Every structure is written in structure tokens, then in C-alpha cells.
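Examining the three-dimensional arrangement
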Amino acid sequence: MFGLFLALAVAAGSAVTDDYVVADPQDAATAKSWAYYWGTAGGVTFAQVPDPASAGRTVAALRYSVSKDGGGVTAICGASRLTEGTEVLRVPLYARSGNAKFAIRVLDATGETHLFEFAGPVAGAEWKTVECPLTRPHAHWGGRNTGTVLYPAKFGVQVSCAKAGDGEVLVGRAEATLRITERNRFALRQTAGGTIWAPGAVRLAFEMTDRLGVSRTFPASYAVFDGRGECVAGGNLSVPAGTDPRKRTLAVSFTARRFGMHYLEITVRNPENGRIASRISTTAAVVTPVKGGGDRLGLNMSTATRLGSGREAFARLGYESGARWTRDEFSWERIEPVKGKYNWSETDAGVAAETAAGLKILGILGYAASWARTDSSKYTSPPKDLAAYAEFVFQVVSRYKDKVRCWEIWNEPDSPAFWPPQPDSTAYGKLLKAAYAAAKRADPGCTVLNAGLLVGMNHPDNWVFMDDLLKGDASDAFDCFAWHPYCEPAAPERGKYAERTAAVAARLKASGRDDGFWCTELGWPTEPSHGLRLTEDEQAAYLVRSHALALSNPAVRRFFWFLLRDGENREGDYEQSFGLLNPDGSPKRAFGAYCTMARFIGSAKPAGPAVVAPDANGVFRAAFVRADGKRVEVLWRVDGVSKVPLSGARAFDADGNLVEVSGGAVEVSALPVYAVRE
């Protein structure tokens, strides 16, 4: 009766309030989902611990370490979800130790940060529940920077310390007061089935929340569209009331017949008025997991530095997509936030997830911890003491030498963004030489790479930096050369990727190095706010074409795409939009294209000279021979369309679907086609 009264009130246009759980730390996965987002001279680790005030209950523990006076850290709970209509957020805190001030941070849908300060708990005292009215004036920055929280959003805990030191704060069951209207009464989320499917039967599960808990059956419908826009499945369903009318389950089953992108839409209607109660739209990819060998493909996965919960699943997904390597940062700031005090928890977890998935690891050793930087205000500032950096390198390589055998020393030091205020080849050479000696002392058999350089991307000084490195005192302080051949927003051909690859190889050979090199980053972003306005189709096309160009050249020993998954703040930072996956793990157009490329040519060997230019008809042809003896040609144009004769071969599109060969010829355009001959 009570539920019916509330439902009628909402339908009439008024609103009611209700409390809902934002994050429940009694669920172990919630504690694991906390992620370190921002920080000044500090780091955070997480644990599940007993509640000191309630026997048998567990809570999340945030353990922080701040290395300088006035420093601080912030952690965001990835499992939290603030929805539209949230008025007040309540977070119980218990300060176990440390001299700290606390605040609540809210990260909204646009990437804007909202900071709510309050009088926090005293160390050793009882639990204190802090209340944050999200509509009151507060500090804010980033995103749209309007001061108004735009949902969905997540919350975090900020710790600020007057004095350097360690501490711990416990976080209890976070709740919020929600003003329920018809717009936020219902919520629909996927609970099983994932968004990466194998061909054949697909079974998905969803949960619908009705915050008023009306005990009636809800009508629903679903539709699935393939990449060509054709509806391949659909129908009507019903959402039963079940035993808990506030939480209902919904199952969807259908058959996926084509590879590639699919678009799924589930709609649930309010039985009281027939209007849409909730709708979910998501992407999915139908792919075949890539099996077998191959050693040249890698992804920048960053499971230790960019992921909290789910790192094991993402590492497995990276391997199944065809990558056999992952590139990950071993952050000095996180590992040694205070000089001489090491925190290995996050990197241990990342390495364990990656090795369990079967991945080989290329570790990036950088950047300087805040206590060790020349300029403590700049995250990428070089270290002021090379001996301290060498000791950090020695400790990391020693710890992981049984699992990580390849190391990259710093990142892009030929850019002022990563060696402020200005690149200095002599200074970087000294750092590289010290790091090389330390790494070899810890593990004589490891492979050391220089930091990937931006040679040829945007300035001739990058070439000078490379020449200085090859001719200077550090010329013998790396085993393999690393390069980042970015050219966005240009296509790989118009960015002269193949020509620059040949030039890099020639410079290395002239210096006495004829053993090839590694491309440890390359990618294209899809975030339109940056102004590049690359579509997902263009990103997918450039991905396949850049890999075909790279893998056709034997000098390219390893090729790492940047990035596996987009960051949460891709609207505010376009560099977070280079991924194959959206922040929620659903695939972008490029994911299926990557899987198909890896399946066709990932473990193949070049069957001809490196591809540099198109033929007389404007068609690029990259030829490979696979381990099974089949010959594969990757065919594409930069623009326009051509009919290419195809005798004695089968053609497949960029997603792996068989293409009809009409009149003995196949149509070739910007999105490559694979021609496979037995």
C-alpha cells in the first residue's frame, strides 16, 4: 500500500525522498575497487579490515603515505554511483592514525571535480558520519567547471597532512539521500554476459531497480543491431516482480551470426503509464579469442597504474584479443612515496594479473617520486639525484626479475611534457646510463630499452635528440631502441609512418645497431572535444593499417598500441580516449578490428619488402605468411574505392566476416580487407 501511494505521488509530478547505498564496504570487491586518482607527494593502498566498533563487520581501509609537509592524496571508489536527484551524500569515516584533514571529492560525468570540506574525525575517536549536501557552494575545477554535479558521478576521500607521515582511515557504508522522480526512480544495469561475445548463442542478464518497489510486472523489449545497422535480434520481454520488487532480473538470449560491432538496447516501461522507465544502450563485439603464438603485438594496459578492480579480467581480455605483451608503469611515486619506505601492493597486483593472463611485461621505470624531483610541483620532472633513481631501479628490477625481463627507462624525454622545463639529451643520457647499470646489476639477463622517443612526430629537434643519444656516452646503455611514432590526427600514410620507420632503422644501422627497434606506443584518439574529430571507424582503420605497415617491416620487433581502455576523464583529457574499450569496458569499433588483425597477421612473418607506398592503382598491399602456410595480404586505400582482382583467394573484412567476391574482384577502401590464400 505504501509503495502504491508513492508511485501515484511520482506519477502526479511530485517527489519523495529515499536513502540508497552508494558503496557497501562489506562487499570485498568494493574495497578492491578504490583507485588512487590524484595526489601530492603521497600514495594510497587499500584493504578489507574488521570494523573496530562492530564485531563481524568489515570495512574498507585507505592506508596513505605522504612524503612532505602539506601533501595529500585522494582515492576514488570505483564501485560508487551517485545518480541524478542525489541531494546529500553521507560517508562514515574512522581515523585510525595520522594527523590529517579530510574532505569528500566527487568526480562527475564531465570530469569535473567537486570538493566538499568538513570537520573530519579525530584519530582514534569513534566513527563520524560526514554529510555533504551536493547542492551547496563548494570548490570545483575541470570538466565543465560549473559547480553543478552532473550525474552519474563517483565519490572519493581526500586526505591532507600538515606533516609528512603515514596514516589510515576506514570508510563505512556510504549512503545518499535521493529525491525520487520518474526520471530517477528506475535503474537498469547489466549483471552477466559481458560485452565481448563469441559467435553463436549469447546470453545476457540485467537487473532493474525500482526504488519504490511496486509489485507489478514491467513490460520490456530489446533490439540488437549489427555494425551495418541491421536489426539481427529483438522481441518483447517482461520483468517479473520476483521476491524483491525493488530488484528485478531480466534475461536476454539470441544468436550472433556476424563478427564485429553490435549495438544492444533494452527498454523497460512503467506499467502505470506506459512511459519508458529505463533504457540501456551499449556496444558489444562478436570476436573469436586469438590463440596460438606470436610475439610482436603489445598493448599499453597499465593494469597496475590505471585500474583498480577488474585488472585480472582486463589482462585476460588483452591476451585473448591477441596481444602477447603489456606495457605498464612502475611508478616511483607509488612504490616509494617516502624515501626508503616501499609500497609494492599495487604493482604486485598488476604484475600478478598480467603474468597469470600469459602476458609478457615491458616495465616503464619512472617518473621521479615527489621527494626526489628537481621540481616537486611537476610530476614528470627529472630526479635531482641519479643515485636515488638508480637505487629505485635496482629495487624494482630485483623484486620482479623472475616475472619482468624488459624495462624502458623513462618516457619521451625528448618532449618538454616529460622532461620539464626543456629536453636535455645529455642529462637524459646520464640517467639512462645510471639506470642501465643498476638494472643489469639486479638482473644481468634483463633487456633495457631507452625511453620511447617522439622522433619525427612534430619537431626536427627530436631527430637531434636521437642522434645525440646514439653518439653520446649512453650509446651503449640500452639493448634495444624504443620509439613512439605518433602522427595524429593524420592517417599513418599521411603521417609518413613507413618513411619515418625506414629513417629510424637507417640511423640505427649507421650507429652500428642493426637489431631492429620497438614501437612502444602508437594510437589515435576518438574524443571530439580535442578537435581532432576522428570517428571510431577511422580509429579502427588506422589501427589495422598501422599494424600492417609495422609488421611488414622486420626491423619493428615489437609494436604496442596505446591504449587498451579509455580513462574515466576522456572528455577532459583527450589522451584518455586512445583505447580499444570505453571506460565501462564495452568495446569501441577498434576492438574487433584489433582482434581480427591479430588473428590474421599477429603471428605471421613478412612475405616481401616493407610496405612504404601504394601500387599504381593507389592500393597498399602488405603480404604475410602464417605458421599454417597460408598467405595473407592486407589491402587498403587511403581514400576512394578500387576493385582489386582476387583469384584463388578468400576475402575477409576488418571484422573477420567473409566478403563476397563479385566478378573475381573485391572492393578495397580505407578499412582494410584481408585476402587469404591457401
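The rules behind the values
Residues numbered from 1 in each chain as written. Predicted model: local features only at pLDDT ≥ 70, side-chain atom pairs only at ≥ 80, totals over all residues. Heavy atoms only, no water. Buried < 20%, exposed > 50% of the residue type's maximum accessible area, 1.4 Å probe, protein only. Helix = DSSP H or I, 4+ residues; strand = E, 2+ residues; numbered from the N terminus. Arc of directions from axis to C-beta. Contact = heavy atoms within 4.5 Å. Expected span 1.5 Å × (residues − 1). 1 Å grid on protein atoms, 1.4 Å probe; cavity = no way out; pocket = protein on both sides within 12 Å on 5 of 7 lines; lining within 4 Å. Points joined across faces, edges and corners; volume = space filled by probe spheres on them. Nonpolar A, V, L, I, M, F, W, Y, C, P; charged D, E, K, R; others polar. Polar contact = N/O pair within 3.5 Å; in protein donor to acceptor, adjacent residues only side chain to side chain. Phe/Tyr/Trp six-rings, centres within 6.5 Å; stacked < 30°, edge-to-face > 60°. Lys NZ or Arg CZ within 6 Å of the ring centre and 35° of its normal. Axes fitted to C-alpha atoms, helices over the stretch in contact; angles between N-to-C directions. Left-handed = near helix turned anticlockwise from the far one by under 90°. Salt bridge = Lys/Arg side-chain N within 4 Å of Asp/Glu carboxyl O. Pairing = 2+ DSSP bridges. Core = buried A, V, L, I, M, F, W, Y, C linked by side-chain atoms within 4.5 Å.

1. Topic: helix H3 (residues 311-320)
- Along H3, the residues classified as buried are Arg 311, Phe 314, Ala 315, Leu 317 and Gly 318. All buried residues of H3 fall inside an arc of 160° around its axis, so they share one side.
- Buried residues in H3 make contact with strand E15 (196-197), strand E22 (297-299), helix H5 (345-356) and helix H11 (589-601).
- Directly beyond the C-terminal end of H3, a positive phi value near 120° is found at Gly 322.

2. Describing helix H9 (residues 497-510)
- Spanning 14 residues, H9 covers 20 Å between terminal C-alpha atoms, matching the ideal 20 Å at 1.5 Å per step.
- Looking only at H9, the buried set comprises Tyr 497, Ala 498, Arg 500, Thr 501, Val 504 and Leu 508. With its buried residues spanning 165° around the axis, H9 presents them on a single face. With respect to the buried face of H9, the exposed residues turned more than 90 degrees away are Lys 509 and Ala 510.
- If you follow the buried residues of H9, they end up packed against helix H8 (461-471), strand E27 (481-483), strand E28 (517-519), helix H10 (536-551) and strand E29 (556-561).
- Following H9 by one or two positions, Gly 512 has its phi on the positive side, about 95°.

3. Re the layout of surface pockets
- Computed from the structure, the second largest pocket encloses a volume of approximately 530 Å³.
- Lining the second largest pocket are 27 residues, and of these Arg 228, Arg 258, Asp 653, Ala 654 and Leu 671 lie nearest its centre.
- Those elements giving two or more residues to the lining of the second largest pocket turn out to be strand E20 (260-269), strand E35 (658-659) and strand E36 (665-668).
- Of the residues belonging to the lining of the second largest pocket, the class tally is 12 nonpolar, 5 polar and 10 charged.

4. Things to note about the side chain of Glu 521
- Mapped onto the fold, Glu 521 is located in the loop between E28 and H10.
- Judged by its relative accessible area of 8%, Glu 521 falls in the buried class.
- Of the polar contacts made by the side chain of Glu 521, one reaches the side chain of Arg 327; its length is 2.8 Å.
- Of note is the side chain of Glu 521, whose polar atom sits 2.5 Å from the side chain of Tyr 486.
- When near neighbours in sequence (up to four residues on either side) are disregarded, Glu 521 contacts Asn 300, Arg 327, Asn 411, Glu 412, Trp 483, His 484, Pro 485, Tyr 486, Phe 560 and Phe 562.

5. Side note on the packing of aromatic side chains
- In this structure the tally under the stated criterion is 34 aromatic pairs.
- Between the aromatic rings of Trp 483 and Phe 517, the centroid separation amounts to 5.9 Å while the plane-to-plane angle is 65°, which identifies the pairing as edge-to-face. Highlighted residues: Trp 483 in strand E27 and Phe 517 in strand E28, separated in sequence by 34 residues.
- Look at Tyr 574 and Phe 578: their rings are 6.0 Å apart centre to centre, the planes differ by 45°, and that puts the pair in the tilted class. When sorted by exposure, Tyr 574 lands in the same class as Phe 578, which is buried.
- Between Arg 441 and the ring centre of Phe 394, over which it is positioned, the NZ or CZ distance is 4.1 Å.

6. Remarks on the packing of H3 against H5
- It is the contact of H3 with H5, at a shortest axis distance of 8 Å, that shows an interaxial angle of 40°. Pair H3 / H5 crosses with right-handed handedness. Across from Arg 311, Glu 312 and Ala 315 in H3, the residues of H5 making contact are Glu 346, Ala 349, Gly 350, Ala 353 and Glu 354.

7. Section: the pattern of salt bridges
- Under the criterion given, the structure shown has 44 salt bridges.
- One salt bridge connects Arg 311 with Glu 346, and the closest N-O pair in it is separated by 3.0 Å. Placement of Arg 311 in helix H3 and of Glu 346 in helix H5 is noted, with a sequence separation of 35 residues between them. The burial state of Arg 311 is the same as that of Glu 346; both residues are buried.
- The shortest N-O distance in the salt bridge between Asp 375 and Lys 378 comes to 3.4 Å.

8. What to know about the packing of helix H6 (residues 386-400) against helix H7 (residues 425-442)
- Packing of H6 against H7 leaves a shortest axis separation of 8 Å and a crossing angle of 35°. The hand of the H6/H7 crossing is right-handed. Each of Leu 386, Tyr 389, Ala 390, Val 393, Phe 394, Val 397 and Ser 398 in H6 lies in contact with H7, whose residues at this interface are Lys 430, Leu 431, Ala 434, Ala 435, Ala 438, Ala 439, Arg 441 and Ala 442.

9. Regarding the pairing of strand E7 (residues 100-107)
- Most of E7 is tucked away, with 7 of its 8 residues classed as buried.
- As paired strands, E7 and strand E8 (residues 113-117) are joined by 5 bridges and run antiparallel to one another. By the bridge assignment for E8, Val 106 is matched with His 114.
- In this antiparallel pair of consecutive strands, E7 and E8, the connection spans 5 residues, and Gly 111 shows a positive phi of 90°.

10. Describing the nonpolar core
- One finds Phe 330, Leu 365, Tyr 389 and Tyr 428 to be the most contacted residues of the largest nonpolar core, which totals 115 residues.
- When sequence neighbours within four positions are dropped, the list of residues in contact with Leu 365 reads Phe 330, Tyr 389, Phe 392, Val 393, Val 396, Val 397, Trp 407, Glu 408, Ile 409 and Trp 410.
- Counting residues in hydrophobic clusters, the runner-up holds 43 residues, among them Val 16, Phe 102, Phe 118 and Val 157.

11. Concerning the sheet that holds E22
- With parallel pairing, the 8 strands of this open sheet are ordered in space as E26-E25-E24-E23-E22-E29-E28-E27. This sheet does not close on itself; its edge strands, each paired only once, are strand E26 (447-450) and E27. Across this sheet, the average inter-strand angle for adjacent strands is 25°, counted without regard to direction.
- Pairing between E28 and E29: 3 bridges, direction parallel. Within E29, the residue paired with Phe 517 across the bridge is Val 556.
- Helix-sheet contacts for H10 involve E22 and E29, and the interaxial angle to E29 is about 165°.

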